[in-house]
Amino acid sequence: MSKIDDILSHYREGSHDSLIPILQDIQEAEGYLSENAIVRIGGFLHMSTTKIFGLATFYDRFRFFPCGKVHLRICNGTTCFINGSTSVVAAVREALGIEAGQTTRDGRFSYELTSCMGGCNEGPVVATGETYFTHVRVEDIPEMISKLKALADLK
Ligand code: FES
């Protein structure tokens, strides 16, 4: 049984109310929502894939691409914004050559913008997994990316 089939087996077929929990479970298990997953969910819930995709894109927590080996979350909450997160995002974009929501060609990096991560007094905040970088400045980005490249190469 595939991971997706296993997840679907915990829900009632045709129950549209289960859509968001199913999307969450599959993203947690697979890291993102693939086209195949959306098609399987559509068949299970008797919903069109267009409708599922439309609903899923309404929530910024869902991803439709496989993350890089290192996936950065850059806080875009109000306090981090006031403290310069926009410049940090621009520096990350320039260093990696990708936009938020994309993955580098070598598969090492991806990043997303998030809402408040709860460290407002220490913003701007950037995180990957359980590692948090606080008071991040634009000039910190090249060294941060360089260190994280080494981490990505170990994965
Ligand atoms: S606004 Fe960034 S941690 Fe709260």
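Note: the structure precedes this text.
First, a word on what this report is: a plain description of the structure on this page. (Residues numbered from 1 in each chain as written. Predicted model: local features only at pLDDT ≥ 70, side-chain atom pairs only at ≥ 80, totals over all residues. Heavy atoms only, no water.)

### Focus on the overall build of the chain
A tally of helices and strands in the chain yields 7 helices and 4 strands. Each helix and strand of the chain, ordered N terminal to C terminal, gives the series α-α-α-α-β-α-α-β-β-β-α. The buried share of the chain, reckoned over its 155 residues, is 37%. Contacts in the chain between residues far apart in sequence, at least 24 positions, make up 64% of those at least 6 positions apart. A total of about 8900 Å² of accessible surface is found on the chain, and carbon and sulfur atoms cover 51% of it. The averaged location of the 19 negative side-chain charges in the chain is 3 Å from the averaged location of its 15 positive side-chain charges. (Helix = DSSP H or I, 4+ residues; strand = E, 2+ residues; numbered from the N terminus. Buried < 20%, exposed > 50% of the residue type's maximum accessible area, 1.4 Å probe, protein only. Contact = heavy atoms within 4.5 Å. Areas by Shrake-Rupley, 256 points an atom, 1.4 Å probe, with all protein chains shown as cover. Lys, Arg positive; Asp, Glu negative; His and termini not counted. Charge placed at Lys NZ, Arg CZ, Asp CG, Glu CD.)

### A short note on the sheet that holds strand S1 (residues 70-75)
Hydrogen bonding along the main chain pairs the strands of a sheet, whether they run parallel or antiparallel. Pairing within the open sheet is mixed, and its 4 strands lie in the order S2-S1-S3-S4. Every interior strand has two partners, whereas the edge strands, strand S2 (109-114) and strand S4 (131-133), have only one. Pairs of neighbouring strands in the sheet enclose a mean axial angle of 25 degrees, with direction left out of account. Inspection of the sheet shows strand S3 (residues 126-128) paired to S4 by 3 bridges, in the antiparallel sense. Among the inter-strand pairings, Thr-128 is bridged to a residue of S4, identified as Thr-131. The strands touched by helix H7 (residues 141-154) are S1, S2, S3 and S4; relative to S1, the strand with the most contacts, the crossing angle is about 145 degrees. (Pairing = 2+ DSSP bridges. Axes fitted to C-alpha atoms, helices over the stretch in contact; angles between N-to-C directions.)

### Some thoughts on the pattern of salt bridges
Throughout the structure, instances matching the rule amount to 8 salt bridges. Asp-5 is paired through a salt bridge with Arg-40; the nearest N and O atoms lie 2.0 Å apart. With a gap of 35 residues between them, Asp-5 in helix H1 (residues 3-8) and Arg-40 in helix H3 (residues 35-45) connect regions that are remote in the sequence. By relative accessible area, which is 28% here, Asp-5 ends up partly exposed. The salt bridge partner of Glu-112 is Arg-63, with a shortest N-O separation of 3.5 Å. (Salt bridge = Lys/Arg side-chain N within 4 Å of Asp/Glu carboxyl O.)

### Comments concerning the pairing of S1
Burial within S1 is extensive, with 6 of its 6 residues counted as buried. Residues of S1 alternate between two faces, with Val-70, Leu-72 and Ile-74 on one and His-71, Arg-73 and Cys-75 on the opposite face, all of them buried. Note: S1 against S2, 6 bridges, orientation parallel. Residue pairing for S2: Val-70 is matched across the bridge by Phe-109. Bridge count between S1 and S3: 2 bridges; the pairing is antiparallel. By the bridge assignment for S3, Ile-74 is matched with Val-126.

### Here we look at the environment of Ala-127
Secondary-structure assignment places Ala-127 in strand S3. Relative accessible area serves as the criterion here: at 0%, Ala-127 is assigned to the buried category. In sequence terms Ala-127 and Phe-109 are 18 residues apart; their C-alpha atoms lie 13 Å from each other. Residues within four places of Ala-127 in sequence aside, it is in contact with His-71, Leu-72, Arg-73, Met-117 and Tyr-132.

### Regarding the nonpolar core
Formed by 18 residues in total, the largest nonpolar core has its most connected members in Leu-72, Val-92, Tyr-111 and Ile-141. At the level of secondary structure, the elements contributing two or more residues to this core comprise S1, helix H6 (85-96), S2 and H7. If you look at the next biggest cluster of nonpolar residues, it comprises 17 residues, including Ile-7, Leu-8, Ala-37 and Ile-41. (Core = buried A, V, L, I, M, F, W, Y, C linked by side-chain atoms within 4.5 Å.)

### What about the packing of aromatic side chains?
One pass over the structure, following the stated rule, counts 3 aromatic pairs. Seen from their ring centres, Phe-58 and Tyr-59 are 5.4 Å apart, and the 90 degrees between their planes marks the pair as edge-to-face. Feature note: the residues Phe-58, Tyr-59 and Phe-62 constitute an aromatic cluster, connected by ring pairs. (Phe/Tyr/Trp six-rings, centres within 6.5 Å; stacked < 30°, edge-to-face > 60°.)

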